Amino acid sequence: MNVDQLVREALQEQAAEQGGPRGDLVGRVLAGRRRRRARTLAGAALGTVAAVAVGVTALDIGDGDKDAHPASGPRADDVIAHPDQSVPRDFVAAGNVGMAGYSVSRDVPQGNGDELLVRSYFLLNPETRKYEKADAKWAWIAVAPGMRTAAVLEGELPARRIGMLDLRTGKVTRWITPGHRVAAVEWSPDGRRLVATAYRKNPDRKVAVPGNGSVSWPKHHGSRTGYLLIEAGSGHVGPFRDVPQPTPDKHGMFPGVSRQDVHFNHDGTRLYVQQYARQGRKSYRDWYTLNGGPTSAPAAEKHAGWPKAGLSPDGTYLADDGGPNGSAIRDPRTGEQVARVPSGEQLAWADNKRLVALACDPARCTGKDEHRNRLVLVTVGSKKTVPLTAVRTAPKGYERVWTPMLTAR
Amino acid sequence: MDAESQDRFREFVESRSAALLRTAVLLTGGDRHAAEDLLQNALVKAAGRWNRIDDPEAYVRRILYRQQVNRWRLKWPRREVAVAEPPERAGADTAAGAELRVVMRAALARLTPRQRSVLVLRYFEDLPEADVARILGCSVGTVRSTTHRSLARLRSLAPELAVLGPAVAEAAPSSDISPVEVRP
């Protein structure tokens, strides 16, 4: 017998032993295709069509998507952690989410007594997989699911136009002029749309208001006018929707904070504005339809409050925020606590049971040092935390610690 | 994809997925999970071009091969596929065909994906060198030299194969040792 004959026989024998694929392969493929198209639409804003790995996003769009997972278990790069980096240098990711970048804010006093909050952004370079400082002209950056495109606003907000930034080249490939000045843009979970929140004044600028006598101090103001939905692929801007902030009270005091942006909900079918806890009421959300009218909370999100993570991808759990001693995971329909996780601030679901969160350093976590925290991965039903970074510190030249920007990878 | 196309796609997958998975398992050196991922990715690509594909099976197979070779080239250069155990020595009765096939299978799993892909195309699919070159997007000379090197590598991985005679491909090694060029 020759070696090539044995190769042939061994291959034939191995092939003959295989059964068919497991489960609903067609369903998984078609769901993966829908997901891929959603990403491509986001990428199409750049005029690029990039290959996208299957099953990397956990977004429920319709029937079958719940089965849109990789054919086999966790991905090879399921957790990419750098627990030695207090300021991230290298790509951090867990499950379906990755850290597209981070921002650092600072308050800059202005000559007229105003105070301006300025953000500096550091974005992932897709080639080197390291974080690099973004151009200082960007006042706002929102990275799309897939981490190939970002929507950017320039100059002092509110901005007249929205740029589509190719994260590989650092170039803006399209400008969208919505017709209203906007100070925030956010991507829908499927990356097909943007919601842009319009303001008359910069919500990051606290305005000096004369106080008693000659004393002035910068205060919040309410200048939000509404929002617009924008199709990312075509750049089509939908009609302006009027959602103003409350007016100042009889004493001229504005109830709340200047920046109250419009956000997409869990599945991108409704919009909400987060309201801070006040007057004994927990934080809550004001809900709107995509057409601009007020509406009630979706059944699965009626207990959703401040935590950005919100509902798990399969809708089983609702993340709540807690403190240095941990946080509650709730039944989304009843609001009852069903589990606890050993983290304080829940940022994003990595999959149906795992959360990327901020948790205080256990060595120093005495119940009061909650701001000395690090990015971690926690699992519902487990007390274990997986550090993704070291305890956060301020980047060189800054006073405040960095804020992670998480999105579907 | 409209409803009619979706029905045709479903019919294709249901009728051909078992055969395609067999090829994928061979390409991944027996790693069933990696094979299912490989096939699923290839089918997602096929679904995206479904109405423009004349021969779906040939298209999916080409994607399987190129994807496997590309994935290796892009992410794990110069790395071999790891297996839990080294090829077992067959002992004194190495002439027994079944034992030799076990040895051969373990050795195949330790080849690079590129080497294994060429052998699967040549000896499992029984394709001529020109067709292998077309599928992988490389020259015939590269196919010939890769085949020769792969067979030599099998012999070095499994000394038990010394009892076998040389393959035709081993008898006339090519001087073309240019690297495989694969276009996505």
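As the structure is a computational prediction, the values presented were derived from the model and not from experiment.

Criteria and thresholds
Residues numbered from 1 in each chain as written. Chains lettered and ligands numbered in written order. Predicted model: local features only at pLDDT ≥ 70, side-chain atom pairs only at ≥ 80, totals over all residues. Heavy atoms only, no water. Helix = DSSP H or I, 4+ residues; strand = E, 2+ residues; numbered from the N terminus. Contact = heavy atoms within 4.5 Å. Areas by Shrake-Rupley, 256 points an atom, 1.4 Å probe, with all protein chains shown as cover. Bend = angle between axes of the 7 residues up to and from the residue. Buried area = accessible area lost by both parts, 1.4 Å probe. Salt bridge = Lys/Arg side-chain N within 4 Å of Asp/Glu carboxyl O. Nonpolar A, V, L, I, M, F, W, Y, C, P; charged D, E, K, R; others polar. Patch = residues over 30% accessible without salt bridge, like charges linked within 9 Å, V, L, I, M, F, W, Y side chains within 5 Å. Lys, Arg positive; Asp, Glu negative; His and termini not counted. Charge placed at Lys NZ, Arg CZ, Asp CG, Glu CD. Buried < 20%, exposed > 50% of the residue type's maximum accessible area, 1.4 Å probe, protein only. Polar contact = N/O pair within 3.5 Å; in protein donor to acceptor, adjacent residues only side chain to side chain. Pairing = 2+ DSSP bridges. Phe/Tyr/Trp six-rings, centres within 6.5 Å; stacked < 30°, edge-to-face > 60°. Lys NZ or Arg CZ within 6 Å of the ring centre and 35° of its normal. Arc of directions from axis to C-beta. pLDDT = per-residue confidence, 0-100. Axes fitted to C-alpha atoms, helices over the stretch in contact; angles between N-to-C directions. Parallel < 35°, antiparallel > 145°, perpendicular 65-115°, else oblique.

### Structural notes on the overall build of chain A
From N to C terminus, chain A includes two helices and 27 strands. In chain A, once contacts between residues fewer than 6 apart in sequence are set aside, the share between residues at least 24 apart is 51%. Carbon and sulfur atoms provide 49% of the accessible area of chain A, an area that totals close to 18300 Å².

### So, helix H1 (residues 3–27) of chain B
If you look at H1(B), its biggest bend is around 55 degrees, right at Arg16(B). Note on H1(B): the residue one or two positions beyond its end, Gly29(B), has a positive phi of about 70 degrees.

### Thoughts on the interface of chain A and chain B
Counting from both sides, the interface comprises 35 residues of chain A and, opposite them, 47 residues of chain B. Taking both partners together, chain A and chain B bury about 3800 Å²; carbon and sulfur atoms supply 65% of that area. Taken as a group, Val3(A), Leu6(A) and Leu11(A) account for 16% of the area that chain A buries against chain B, more than any other trio of residues on that side. Remark: the boundary between chain A and chain B carries five salt bridges. Within the residue set of the side of chain A that touches chain B, elements represented by two or more residues are helix H1 (3–16) and helix H2 (25–44) of chain A. If you tally residues by element for the side of chain A that touches chain B, the top one is H1(A), at 13 residues. By residue class, the composition of the side of chain A that touches chain B is 16 nonpolar, nine polar and ten charged.

### Description of a negative patch on the surface
A contiguous patch of negative charge on the surface is contributed by Asp2(B), Glu4(B), Asp7(B) and Glu11(B). With respect to the helices and strands, the residue Asp7(B) is situated in helix H1.

### Examining the environment of Leu6(A)
If you trace the backbone, Leu6(A) turns up in helix H1. Residue classification places Leu6(A) among the buried positions, given a relative accessible area of 0%. Leave out the neighbours within four places in its chain, and Leu6(A) touches Met1(A), Leu100(B), Arg101(B), Met104(B), Leu161(B) and Leu164(B).

### With respect to the side chain of Arg409(A)
Residues and elements named next belong to chain A. Structurally, Arg409 can be placed in the segment after strand E27 (403–408). We classify Arg409 as buried; its relative accessible area is 7%. Here Gly95 takes part through its backbone oxygen, which lies 2.8 Å from a polar atom of the side chain of Arg409.

### Observations concerning the pairing of strand E5 (residues 130–133) of chain A
Consecutive side chains of a regular strand alternate in pointing toward one face of the sheet and then the other. With four bridges joining them, strand E4 (residues 115–125) of chain A and E5(A) adopt antiparallel strand pairing. Bridging from a neighbouring strand, Leu123(A) pairs with Glu132(A) of E5(A).

### Considerations on the packing of aromatic side chains
The tally for this structure, following the rule as stated, stands at nine aromatic pairs over all chains. Aromatic side chains Tyr102(A) and Phe122(A) sit 4.8 Å apart centroid to centroid with 10 degrees between the ring planes, which places their arrangement in the stacked category. Within this pair, whereas Tyr102(A) is found in strand E3 (residues 97–109), its partner Phe122(A) is found in strand E4, the two being separated by 20 residues in sequence. Here the basic side chain of Arg122(B) rests over the ring of Tyr123(B), its NZ or CZ set 5.6 Å away from the ring centre.

### So, helix H6 (residues 129–136) of chain B
All names here are of chain B. Burial in H6 covers these residues: Val132, Ala133, Ile135 and Leu136. Taken down its axis, H6 places every buried residue within 165 degrees of arc, on the same side. Looking one or two residues past H6, Gly137 carries a phi angle of roughly 70 degrees, positive in sign.

### Some details on the confidence of the model for chain A
Here chain A averages 83 in pLDDT, while 83% of its residues score no lower than 70. Contacts from residues 45–73 of chain A, a stretch scored under 50 in pLDDT, to residues over four places away or in other chains number 75 contacts.

### Comments concerning the sheet that holds strand E22 (residues 337–341) of chain A
All names here are of chain A. Ordered in space as E20-E21-E22, the three strands form an open sheet in which the pairing is antiparallel. The open sheet has two free edges, formed respectively by strand E20 (318–319) and E22, since each of these has just one partner strand. Direction of pairing for E20 relative to strand E21 (residues 327–330): antiparallel, over a ladder of two bridges. Opposite Ala319, over in E21, you have Ile329 as the bridge partner.

### Remarks on the packing of H1(A) against helix H4 (residues 97–109) of chain B
At a minimum axis distance of 9 Å, the contact between H1(A) and H4(B) shows a crossing angle of 85 degrees. With respect to H4(B), the axis of H1(A) lies roughly perpendicular. Seen from H1(A), the contacting residues are Val3(A), Leu6(A), Val7(A), Glu9(A), Ala10(A), Leu11(A), Glu13(A) and Gln14(A); seen from H4(B), they are Leu100(B), Arg101(B), Met104(B), Arg105(B) and Leu108(B). Of the residues assigned to the contact of H1(A) with H4(B), the class counts are eight nonpolar, one polar and four charged.

### Quick look at the packing of helix H5 (residues 113–124) of chain B against helix H7 (residues 140–157) of chain B
All names here are of chain B. Packing of H5 against H7 leaves a shortest axis separation of 9 Å and a crossing angle of 105 degrees. It follows from the interaxial angle that H5 and H7 lie roughly perpendicular. In this structure, H5 contributes Arg114, Gln115, Val118, Leu119, Arg122 and Tyr123 to the contact, and H7 contributes Val143, Thr146, Thr147, Arg149, Ser150, Leu151, Arg153 and Leu154. Of the residues that constitute the contact of H5 with H7, the class distribution is six nonpolar, four polar and four charged.

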